[in-house]
Amino acid sequence: MTDVFTVLANDHTEVKQMLTELEAGSAGASSASVHGADALELRKKMVEQLIIEESKHEAVEEEYFWPAVRELVPDGDRLADHAVGQEQAAKKVLNDLIGLDAGEARFEELLANFITDGRAHIAFEENEVWPALRRVITDERAERLGEKLEQGKKTAPTRPHPNTPPKPGVLKAAGPAVAAADKVRDKITGRGRD
């Protein structure tokens, strides 16, 4: 079985790789005409995939991970509040990116900010939250939590929903309907397919 830290570490590794690739591509964004429309389309698709993965990741964290941190970790409320605040800000940026095209000044500005903030958020979780949780969580509970995260990602929303309160009860009630609507929209538009 995979525990919570392995599941989250795998997600973080995937996201950090995406951020690095997107950051490397931003150097050429100002000279988009040199790289052509294909390069911009690829960049847009990469951001689209980032949005999908981040949306699923944050939804299951808010539903399962942060409640466990609040319950088990001394000072867990402070840690969770800080992280959830970062996540809410990120959702707004990701939501704004959906309507923009790669190469547009606003797209590149928002993406650059997201890259910086995303790395800071990942570092906060890995360096402050995970060590605190590791000290107090049992192996069995860590495995159960990891399983919930894995299962939850299968039915999680694929778009950011910055106006949905990041409360576990709200997410459990509204999450499946929102995720289903996201998946229908994705299928109709072809979003998330190569």
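What you are looking at is a predicted structure, and each value in this text was computed from that prediction instead of being measured.

### Some remarks on the overall build of the protein
Assigned secondary structure in the protein consists of 6 helices and 0 strands. Starting at the N terminus and walking to the C terminus, you meet the elements of the protein as α-α-α-α-α-α. In the protein, which comprises 194 residues, the proportion classed as buried is 44%. Partitioning the intrachain contacts of the protein with sequence separation of at least 6 by distance along the chain shows that 80% fall at a separation of at least 24. With the model as given, the accessible surface of the protein reaches about 10,000 Å², and the carbon-plus-sulfur share is 53%.

### A word on the packing of helix 3 (residues 76–98) against helix 4 (residues 105–134)
The axes of two packed helices give the description: the angle between them and the distance between them. Their axes nearest at 10 Å, the elements helix 3 and helix 4 cross at an angle of 160°. By the criterion of interaxial angle, the relationship of helix 3 to helix 4 is roughly antiparallel. Both helix 3 and helix 4 take part in a crossing whose hand is left-handed. Contacts between helix 3 and helix 4 involve Leu79, His82, Ala83, Gln86, Glu87, Ala90, Val93, Leu94, Asp96 and Leu97 from the former and Arg106, Phe107, Leu110, Leu111, Phe114, Ala120, His121, Phe124, Glu125, Glu128, Val129 and Ala132 from the latter. Its residues placed into classes, the contact of helix 3 with helix 4 shows 14 nonpolar, 3 polar and 5 charged.

### Looking at the packing of aromatic side chains
The geometry of two aromatic rings is summed up by the distance between their centres and the angle between their planes. Per the counting criterion, the structure on display carries 2 aromatic pairs. When the ring of Phe65 is compared with that of Trp66, the centres are 4.7 Å apart and the planes differ by 70°; the resulting orientation is edge-to-face.

### Overview of the confidence of the model for the protein
Of all residues in the protein, 77% have pLDDT values of 70 or greater, and the mean over the chain is 84. Ignoring residues within four places in sequence, the model shows residues 27–34, a span with pLDDT below 50, making 4 contacts including any to other chains.

### Description of helix 4
In a regular helix each residue adds 1.5 Å, so 30 residues correspond to 44 Å; helix 4 covers 42 Å between its end C-alpha atoms and thus fits that length. A maximum bend of about 30° is found in helix 4 at Glu125.

### Focus on empty space enclosed by the protein
Evaluation of the coordinates by the stated rule reveals 2 cavities of 30 Å³ or more. Taken as a whole, the second largest cavity spans an internal volume of roughly 30 Å³. For the second largest cavity, the full set of lining residues is Asp11, Glu14, Val15, Glu53, Lys56, His57 and Lys153. Of all elements in the fold, only helix 1 (4–26) and helix 2 (32–72) reach the threshold of two or more residues within the lining of the second largest cavity. Residue composition of the lining of the second largest cavity, by class: 1 nonpolar, 1 polar and 5 charged.

### Description of the nonpolar core
In this structure, Val4, Phe65, Trp66, Val69 and Val129 are the most contacted members of the largest nonpolar core, which totals 25 residues. Going through the elements one at a time, helix 1, helix 2, helix 3, helix 4 and helix 5 (139–154) are the ones with two or more residues in this core. The element contributing the most residues to this core is helix 2, with 6 residues. When sequence neighbours within four positions are dropped, the list of residues in contact with Val69 reads Gly76, Leu79, Val129 and Leu133. Membership of the second largest hydrophobic core comes to 19 residues, among which are Leu100, Ala102, Phe107 and Ile115.

### Regarding the environment of Trp66
Counting through the fold element by element, Trp66 comes out in helix 2. The class of Trp66 is buried, set by a relative accessible area of 1%. Considered as a pair, Trp66 and Asp81 are 15 residues apart in the sequence and their alpha carbons are 8.7 Å apart. Not counting the four nearest positions on each side in its chain, Trp66 is found in contact with Glu61, Leu79, Ala80, Ala83, Val84, Glu87, Glu125 and Val129. Within the local environment of Trp66, its side chain forms a polar contact with the side chain of Glu87, the two groups lying 3.1 Å apart.

### Thoughts on the pattern of salt bridges
Inspection of the entire model under this criterion finds 14 salt bridges. Its salt-bridge partner being Lys16, residue Glu126 comes within 3.6 Å of it at the nearest N-O pair. Taken as a pair, Glu126 in helix 4 and Lys16 in helix 1 lie far apart in primary sequence, 110 residues in all. Overall, Lys16 belongs to the partly exposed group, its relative accessible area being 33%.

Calculation rules
Residues numbered from 1 in each chain as written. Predicted model: local features only at pLDDT ≥ 70, side-chain atom pairs only at ≥ 80, totals over all residues. Heavy atoms only, no water. Helix = DSSP H or I, 4+ residues; strand = E, 2+ residues; numbered from the N terminus. Buried < 20%, exposed > 50% of the residue type's maximum accessible area, 1.4 Å probe, protein only. Contact = heavy atoms within 4.5 Å. Areas by Shrake-Rupley, 256 points an atom, 1.4 Å probe, with all protein chains shown as cover. Axes fitted to C-alpha atoms, helices over the stretch in contact; angles between N-to-C directions. Parallel < 35°, antiparallel > 145°, perpendicular 65-115°, else oblique. Left-handed = near helix turned anticlockwise from the far one by under 90°. Nonpolar A, V, L, I, M, F, W, Y, C, P; charged D, E, K, R; others polar. Phe/Tyr/Trp six-rings, centres within 6.5 Å; stacked < 30°, edge-to-face > 60°. pLDDT = per-residue confidence, 0-100. Expected span 1.5 Å × (residues − 1). Bend = angle between axes of the 7 residues up to and from the residue. 1 Å grid on protein atoms, 1.4 Å probe; cavity = no way out; pocket = protein on both sides within 12 Å on 5 of 7 lines; lining within 4 Å. Points joined across faces, edges and corners; volume = space filled by probe spheres on them. Core = buried A, V, L, I, M, F, W, Y, C linked by side-chain atoms within 4.5 Å. Polar contact = N/O pair within 3.5 Å; in protein donor to acceptor, adjacent residues only side chain to side chain. Salt bridge = Lys/Arg side-chain N within 4 Å of Asp/Glu carboxyl O.

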